[in-house]
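Structural description and commentary
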Amino acid sequence: MIITIGRECGCNGNKIGRALAEKYHMAFYDKSVISKCAQDKGIYDRYPDFYKEVPGNTLMYTISMEEDEESVLYETPKKALSGLIGTKDCVLLGRCGNWAFKDRDDKISIFLTGDEKWRTENIARKQEISSRSARHKMIQTDERRKSYHEYYTGQAWGDAKNYDLCLNVTDLGVDGALAVIETYLQQSGIEAGK
């Protein structure tokens, strides 16, 4: 089973992802783990912009838009991640995971969203910064993630039709989101190690 988590900034995606990985005894891959694995395997330099969460250049994007959906550009997430993760059970945070592993029968893709005010307060509290700085960081991070996702997939980031489960964590909180995800996993019949 692979659980992919896309998220808006401030939605506790890291916390939720780590809790799921622990509960289901799976590896957890976030930006730092992915980058380190890619460097250790000697493939980081093949896809540096992808691993750094940089959308890439606009000329390449324009060229790719003239190609079909399965263009070289849109294959980058699959190629960059498959060599690191393979068929292992894991939780993958970000990195266009819903797109990269769309053909796996044991994939569950999740998108986390939340109220802007709540997310801003969450970021300010966690990072011990002002609300103004937190809001600025949230907006910049969300814009970068949106551009990155759309650049490498051609999909609208956060669009419910591109995910199996979309959750607003403002009212659910971490525990509520975990409970909903666990129920969804039970109902789906997909299990780790199968």
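That block above? That's the structure.
Residues numbered from 1 in each chain as written. Predicted model: local features only at pLDDT ≥ 70, side-chain atom pairs only at ≥ 80, totals over all residues. Heavy atoms only, no water.

Attention now goes to the nonpolar core. Burial of nonpolar side chains together is a common tendency in soluble globular proteins. Core analysis: the biggest nonpolar cluster contains 25 residues, and Ile-3, Ile-16 and Leu-20 have the highest contact counts within it. When residues of this core are traced back to their parent elements, those giving at least two are strand S1 (2–7), helix H1 (13–23), strand S3 (90–93), strand S4 (107–113), strand S5 (165–168) and helix H9 (169–188). Residue contacts for Ile-3: discarding those within four places in its chain leaves Leu-20, Met-26, Cys-90, Val-91, Leu-92, Ile-108, Ile-110 and Leu-185. Formed by 23 residues, the second largest nonpolar core is a distinct cluster that contains Ile-2, Ala-38, Leu-84 and Trp-99. (Core = buried A, V, L, I, M, F, W, Y, C linked by side-chain atoms within 4.5 Å. Buried < 20%, exposed > 50% of the residue type's maximum accessible area, 1.4 Å probe, protein only. Helix = DSSP H or I, 4+ residues; strand = E, 2+ residues; numbered from the N terminus. Contact = heavy atoms within 4.5 Å.)

In any sheet, the strands associate via hydrogen bonds between backbone groups, in a parallel or an antiparallel arrangement. One open sheet holds the five strands; their spatial order is S2-S3-S1-S4-S5, and the pairing between them is parallel. Pairing within the sheet leaves two strands with one partner each, and these edge strands are strand S2 (27–29) and S5. Neighbouring strand axes in the sheet, compared pairwise and without regard to direction, differ in orientation by 20° on average. Direction of pairing for S2 relative to S3: parallel, over a ladder of three bridges. Bridge pairing links Phe-28 to Val-91 in S3. (Pairing = 2+ DSSP bridges. Axes fitted to C-alpha atoms, helices over the stretch in contact; angles between N-to-C directions.)

With the rule as written, the count across this model stands at 13 salt bridges. Note that Asp-103 is salt-bridged to Lys-78, the shortest N-O span being 3.9 Å. Here Lys-78 lies in helix H5 (residues 72–85) and Asp-103 lies in the loop between helix H6 (97–100) and S4, a separation of 25 residues in the sequence. Note on Asp-103: relative accessible area 56%, which makes it exposed. Salt bridges here are not isolated pairs; linked through shared partners, they connect Glu-8, Arg-119 and Asp-142. (Salt bridge = Lys/Arg side-chain N within 4 Å of Asp/Glu carboxyl O.)

The next subject is empty space enclosed by the protein. Taken as a whole and judged by the stated rule, the model has one cavity of 30 Å³ or more. For the largest cavity, the calculated volume is near 150 Å³. Forming the walls of the largest cavity are 17 residues, and the residues nearest its centre are Gly-6, Gly-94, Arg-95, Cys-96 and His-149. Within the residue set of the lining of the largest cavity, elements represented by two or more residues are S1, H6, S4 and helix H8 (131–153). In terms of residue count, S1 provides more of the lining of the largest cavity than any other element does, four residues in total. Among the residues forming the lining of the largest cavity, the class breakdown is six nonpolar, seven polar and four charged. (1 Å grid on protein atoms, 1.4 Å probe; cavity = no way out; pocket = protein on both sides within 12 Å on 5 of 7 lines; lining within 4 Å. Points joined across faces, edges and corners; volume = space filled by probe spheres on them. Nonpolar A, V, L, I, M, F, W, Y, C, P; charged D, E, K, R; others polar.)

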